[in-house]
Amino acid sequence: SSKVCDAANNNARANSSALPLPILPRVFHYCQRYAWGPYFFGKHRLPSDFISCKSPLLAEPPSDLLSRYDASYYPPGGQKREFTSKDAKRHAFSVCK
């Protein structure tokens, strides 16, 4: 489904006692850079005051992120990078999560 962000958000709101649970990660470790379309997340690119009340919130990607774009850009505004279908889904999911 192209609604990768919806799947990520619905899983986060799912009732933990309901069975069967979707097969999605329970814990997500952002160990690398993730990007799809103009949306990019890199933990080393966050400002040092990111966890302060004065820091602006991150932009929320659209729910149709995967189908809206055909590649990512590393770093934002940088060189176009294309992925396999499987890796594109992983990056879009990671940006939405």
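Description of the structure in this document. Nothing here was measured: the structure is a model prediction, and the numbers come from that model.

### A word on the overall build of the protein chain
In step 1: When helices and strands are counted, the protein chain shows three helices and four strands.
In step 2: Reading the secondary structure of the protein chain in the N-to-C direction produces α-β-β-α-β-β-α.
In step 3: Counting only residues that meet the buried cut, the protein chain has 30% of its 97 residues in that class.
In step 4: Taking the intrachain contacts of the protein chain between residues at least 6 apart in sequence as the baseline, contacts between residues at least 24 apart amount to 64%.
In step 5: Accessible area of the protein chain: about 7,000 Å², with a carbon and sulfur share of 54%.

### Observations regarding the pattern of salt bridges
Side chains carrying opposite charge are able to pair once their charged atoms draw close together.
In step 1: Summed over all chains, the structure comprises four salt bridges.
In step 2: Of the charged contacts, one joins Asp-64 and Arg-68 as a salt bridge, the two residues approaching to 3.1 Å between their closest N and O atoms.
In step 3: Arg-90 is paired through a salt bridge with Asp-87; the nearest N and O atoms lie 3.6 Å apart. Of the two residues, Arg-90 and Asp-87 both sit in helix H3 (residues 85-96), three residues apart, roughly one turn of that helix.
In step 4: Classification of Arg-90 as partly exposed rests on a relative accessible area of 47%.
In step 5: When its relative accessible area of 29% is taken as the criterion, Asp-87 is described as partly exposed.

What counts, and where the lines are drawn
Residues numbered from 1 in each chain as written. Predicted model: local features only at pLDDT ≥ 70, side-chain atom pairs only at ≥ 80, totals over all residues. Heavy atoms only, no water. Helix = DSSP H or I, 4+ residues; strand = E, 2+ residues; numbered from the N terminus. Buried < 20%, exposed > 50% of the residue type's maximum accessible area, 1.4 Å probe, protein only. Contact = heavy atoms within 4.5 Å. Areas by Shrake-Rupley, 256 points an atom, 1.4 Å probe, with all protein chains shown as cover. Salt bridge = Lys/Arg side-chain N within 4 Å of Asp/Glu carboxyl O.

These figures come from the coordinates and say nothing about function on their own.
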